[in-house]
Amino acid sequence: MKKSRIFGVIAAAAMAVSAFVSMPVSAADTYHAYLGVQTNPSWIFRNGWNDSSFGKDTYEAFDKLSKDGAPADIDGTFTDVDITGDGTYKVSLTGADLSDEELFSLLFVSTDIPVDAGVSITNVKVIIDGQTKYTFDEAYIPEDTGEYNQVQARNIWNDDLGKEDGLFAYVMPNDSVEMEFTVSGMGSAEAAAPAAAEDAAPAADTAPTTSASTGNLPVAAMASVMAVAGAAAVVSKKRK
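Presented here is an overview of the structure given in this document. (Residues numbered from 1 in each chain as written. Predicted model: local features only at pLDDT ≥ 70, side-chain atom pairs only at ≥ 80, totals over all residues. Heavy atoms only, no water.)

**Thoughts on the packing of aromatic side chains**
Thinking step 1. What the rule picks out here adds up to ten aromatic pairs.
Thinking step 2. Taken together, a centroid distance of 4.8 Å and an interplanar angle of 75 degrees make the contact between tyrosine 134 and phenylalanine 136 edge-to-face.
Thinking step 3. Arranged with centres 5.7 Å apart and planes meeting at 50 degrees, the rings of phenylalanine 168 and tyrosine 170 form a pair that is tilted. Like tyrosine 170, phenylalanine 168 is buried. (Phe/Tyr/Trp six-rings, centres within 6.5 Å; stacked < 30°, edge-to-face > 60°. Buried < 20%, exposed > 50% of the residue type's maximum accessible area, 1.4 Å probe, protein only.)

**Section: a negative patch on the surface**
Thinking step 1. Among the surface-exposed residues, Asp97, Asp100, Asp129 and Asp175 lie close enough to one another that they form a single negatively charged patch.
Thinking step 2. Relative to the helices and strands, aspartate 100 resides in the loop between β7 (87–94) and β8 (103–114). (Patch = residues over 30% accessible without salt bridge, like charges linked within 9 Å, V, L, I, M, F, W, Y side chains within 5 Å. Areas by Shrake-Rupley, 256 points an atom, 1.4 Å probe, with all protein chains shown as cover. Salt bridge = Lys/Arg side-chain N within 4 Å of Asp/Glu carboxyl O. Lys, Arg positive; Asp, Glu negative; His and termini not counted. Charge placed at Lys NZ, Arg CZ, Asp CG, Glu CD. Helix = DSSP H or I, 4+ residues; strand = E, 2+ residues; numbered from the N terminus.)

**Details of the nonpolar core**
Thinking step 1. By size, the foremost hydrophobic cluster in this structure holds 40 residues, and its most contacted members are Leu35, Leu65, Ile83, Phe104 and Phe181.
Thinking step 2. Of all elements in the fold, only β1 (31–40), β6 (81–83), β7, β8, β9 (120–128), β11 (148–155) and β12 (176–184) reach the threshold of two or more residues within this core.
Thinking step 3. No other element matches the five residues that β8 contributes to this core.
Thinking step 4. Apart from residues no more than four positions distant in its own chain, phenylalanine 181 is found in contact with Ala33, Val81, Ile83, Gly87, Thr88, Tyr89, Val109, Ile121, Thr122, Asn123 and Val124.
Thinking step 5. Formed by five residues, the second largest nonpolar core is a distinct cluster that contains Trp49, Tyr59, Ala61 and Phe62. (Core = buried A, V, L, I, M, F, W, Y, C linked by side-chain atoms within 4.5 Å. Contact = heavy atoms within 4.5 Å.)

What follows is the structure, encoded as structure tokens:
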């Protein structure tokens, strides 16, 4: 086999690896969102997923309404959502009668989307008993939200959200409360798919691409190039 053919095989493999490495990191991510609530005056609640005492990994009744640090004697089903790419999503609490409560002290969407992920959240709707009560064109995310984005609609301690008066009128639900929102900036798996080797740019025009998280080529990608190069070298030796 001629050296030019060997280098051609290696170049094609390198281009495929480059296309894979340059795929947006977010396209491979799946995030999650959870509805959070707190009522007044009984303090029925569901805290954020990463709460140190009542979060998803620290509290066995995270998927239920709670009161006084234990599951509340109130029916209700939380529906959480996987965020797999750009689109509109909804989290909800259904089958819950909270009509004896006066107001929501807190109403929010708790996500595991890092605040620096470059993801935008817009068109946030508050839906109570099937009726849209308010729409935030841009998600309200407090500056002290921490490491992850938390989208707030009600917070009686927050001036920007109107404290106890809030930004919108509503009646406490006798069946359901939902929050709908639109995510952008993640891209989609289809859009991030690597180009075929024959469609890739010539090797001379392809600059080395590094991993966004480590600054190094992924081990699997490096191994793939090395394997192709090694195979080509073996064939070359056999045909001399």
